[in-house]
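Residue-level listing of the chains:
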Amino acid sequence: MSTENLPQSPEQSPQQPPRKPRVAVVFGGRSSEHGISVVTAGAVLAAIDRTRYDVLPIGITRDGRWALTADEPERMAITERRTPDVEELAESTEGGVLLPVDPANREVVYSEPGSVPKALGEVDVVFPVLHGPYGEDGTLQGLLELSGVPYVGAGVLASAVGQDKEYMKAVFTSYGLKVGPYAVIRPREWEQDRSGARKKIVDFAGEHGWPLFVKPARAGSSIGITKVDDLSGLDEAIEEARRHDPKILVEAALRGREIECGVLEFEDGPRASVPAEIPPPSEHAYYDFEAKYIDSTPGIVPAPLTAEETAEVQRLAVAAFDAASCEGLVRADFFLTDDDEFVINEINTMPGFTPISMYPQMWQASGVSYPELVDRLVQAALRRSTGLR
């Protein structure tokens, strides 16, 4: 591949104005949410202000290769019910992008077999729009900390807590936030004593009733989740969840309304958006992947809540943000039960940023446009350093 069209390391003379901050938008990844991450990246690339920032799109393929990709947001959309893929956008099938691991050097290098490595210039901030393991779970954040490169969103601890639903619920409980009943089946339990693990779930159902939701403990975008109405569907649901994560979570069904609230870091601290409600999808058993991304089941923004209910869910969303030591942004998901009580279901430290995603919709309704939202996240990342803080 010729390097003629690659981004060039900016040469700056004393007469030139200071260069614009360079933002590397990193997307794709090795998780089951690869395609949704690409869609999110397309929306971010289309919205980021090119008069204020230089942009470097970097895609991570499903097998973990860091690829230089085309800066063509229009190619990163769901078409014919199919999500896009980094391999389709990569400039080369073999070339790779290398981030520095020296905090004193932020220069990114492009390398291809048989060619001299090419410097692409320094990166000032990374906007990681990866969802799920190997990106949203603290692994990428740890790499960026070692590299000394600021990045958008939660740090290592908050990303890990936000990805693992078992420990997320434990943290929330320790901070006085109410969570629903749940059980965890660890890999060793299932592999060494399936009958005992199955009995644990059956006993849980005996206490809390059917249906149950069986899900991967460390996945998102409603991937791998099964609603189980009785014992006959349990084994299949477990195997489906374990296709995405060897550790699974079993949750009791909560009767009530699904309410979401966005949190965004401003200069004076985190603030909550107006909340949204996710109505039960008419053609799906629950708000699953197909309903969320393929059929685009619309949410209600703002949610039809009383002023007191709105204030309470906003308070709880910020409390969840603080409990997990989050930074940048969070989408907090709740149930408003039939007993008029908010129960937190989970947080997403890098929520969906697609044009139909609830997080940007909630902030749009709160007076923060999509481009302003992206700019605020980048600016928040630039304001803080890496390392302990």
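The numbers attached to residues start from 1 for each chain and follow its sequence in the written order. This being a predicted model, a pLDDT of at least 70 is required before a residue's local features are given, and a value of 80 or more before pairs of side-chain atoms are given or counted; all residues contribute to the totals for chains, interfaces and linings. Heavy atoms from the whole structure form the basis of all side-chain values; hydrogens and water molecules are not counted.

An unreviewed UniProt entry lists the protein under the name D-alanine--D-alanine ligase, from Streptomyces coelicoflavus. The record in UniProt for the protein states the following under Sequence similarities (unreviewed entry): "Belongs to the D-alanine--D-alanine ligase family." UniProt positions are given in the numbering used here, feature names are shortened, and annotations may be inferred rather than shown by experiment. If you open the UniProt record of the protein and go to Subcellular location (unreviewed entry), you find "Cytoplasm".

**A closer look at the packing of helix α7 (residues 194–208) against helix α8 (residues 234–242)**
Think of two packed helices as two axes; the pair is described by the angle between the axes and how far apart they sit. In this analysis, axes come from line fits to C-alpha atoms, helices being fitted only over the stretch in contact, and the angle between any two N-to-C directions falls in the range 0 to 180 degrees. Segments assigned H or I by DSSP are reported as helices when at least four residues long, segments assigned E as strands when at least two residues long, and all are numbered from the N terminus. Between α7 and α8, whose axes approach to 12 Å, the crossing angle comes to 105 degrees. Taken together, the axis directions place α7 and α8 in an arrangement best described as roughly perpendicular. Across from R194, R198, I201 and V202 in α7, the residues of α8 making contact are L234, D235, I238 and E239. Ten residues, namely Ala, Val, Leu, Ile, Met, Phe, Trp, Tyr, Cys and Pro, are considered nonpolar, four, namely Asp, Glu, Lys and Arg, are considered charged, and the remaining ones, Gly among them, are considered polar. Of the residues assigned to the contact of α7 with α8, the class counts are four nonpolar, no polar and four charged. Any angle that is under 35 degrees is reported as roughly parallel, and any over 145 degrees as roughly antiparallel; angles of 65 to 115 degrees are reported as roughly perpendicular and all others as oblique. Only heavy atoms matter for contacts: two residues are in contact if any of them lie within 4.5 Å across the pair.

**Some details on the UniProt feature "binding site: Mg(2+) 2" (unreviewed entry) in the protein**
Taken from the UniProt record, the annotation "binding site: Mg(2+) 2" (unreviewed entry) applies to E346 and N348. Among the secondary structure elements, E346 is positioned in strand β16 (residues 342–348). Look at E346 and you get buried, because its relative accessible area is 13%. With sequence-adjacent residues up to four places away left out, E346 is seen in contact with K165, M168, R331, A332 and D333. On the secondary structure map, N348 appears in strand β16. Categorising residues by exposure relies on relative accessible area from a 1.4 Å probe, with only protein chains included: less than 20% of the type maximum marks a residue as buried, more than 50% marks it as exposed, and the intermediate range marks it as partly exposed.

**Describing the pattern of salt bridges**
By salt bridge we mean one thing: a side-chain nitrogen of Lys or Arg within 4 Å of a carboxyl oxygen of Asp or Glu. Taken as a whole and assessed by the stated rule, the structure comprises 34 salt bridges. In this structure, D245 and R218 form a salt bridge, with 2.6 Å as the shortest nitrogen-oxygen distance. Here D245 is found in the loop between α8 and β11 (248–252), whereas its partner R218 is found in the loop between β9 (212–216) and β10 (226–228), with 27 residues between them in sequence. Owing to a relative accessible area of 28%, R218 belongs among the partly exposed residues under this scheme. Of the charged contacts in the structure, one is a salt bridge between R389 and E327, with a shortest N-O distance of 2.8 Å. Residue R389 is found in the segment after α12 (370–383), and its partner E327 is found in the loop between α10 (307–323) and β15 (329–337); the two are separated by 62 residues along the sequence. Classification of R389 as partly exposed rests on a relative accessible area of 48%.

**Side note on the nonpolar core**
Side-chain atoms within 4.5 Å are what join buried Ala, Val, Leu, Ile, Met, Phe, Trp, Tyr and Cys residues into a set we call a nonpolar core. In terms of nonpolar packing, the biggest core is built from 33 residues, with V25, F27, F127 and F353 touching the most fellow members. Elements with a contribution of two residues or more to this core: β1 (22–28), α1 (34–47), α2 (86–89), β7 (125–128), β12 (256–266), α11 (358–365) and α12. For every domain, the bounds stem from an assignment made automatically or drawn from a database. Structurally, this core is a two-domain feature, drawing no fewer than three residues from each of domain 1 (22–152) and domain 2 (162–179 + 255–379). Every residue in contact with F127, bar those within four places of it in the chain, is listed here: V23, A24, V25, V26, V44, V152, M350, V374, L377 and V378.

**Thoughts on the sheet that holds strand β3 (residues 66–68)**
Two strands form a pair only when DSSP identifies at least two bridges running between them. Pairing within the open sheet is mixed, and its four strands lie in the order β3-β2-β1-β7. Each edge of the sheet is formed by a strand with only one pairing partner; in this case those strands are β3 and β7. Neighbouring strand axes in the sheet, compared pairwise and without regard to direction, differ in orientation by 30 degrees on average. Two strands pair when backbone bridges link them, and β1 and β7 are joined in this way by four bridges, in the parallel orientation. Paired with V26 across the bridge in β7 is P128. Strand contacts of α12: β1 and β7, with the helix running at about 130 degrees to β7, the strand carrying the most contacts.

**Some remarks on the UniProt feature "binding site: Mg(2+) 1" (unreviewed entry) in the protein**
Summarizing the sequence annotation, UniProt attributes the feature "binding site: Mg(2+) 1" (unreviewed entry) to D333 and E346 in the numbering used throughout. Secondary-structure assignment places D333 in strand β15. Non-local contacts of D333, meaning those with residues more than four positions away in its chain, are made with I259, E260, V343, I344, N345, E346 and N348.

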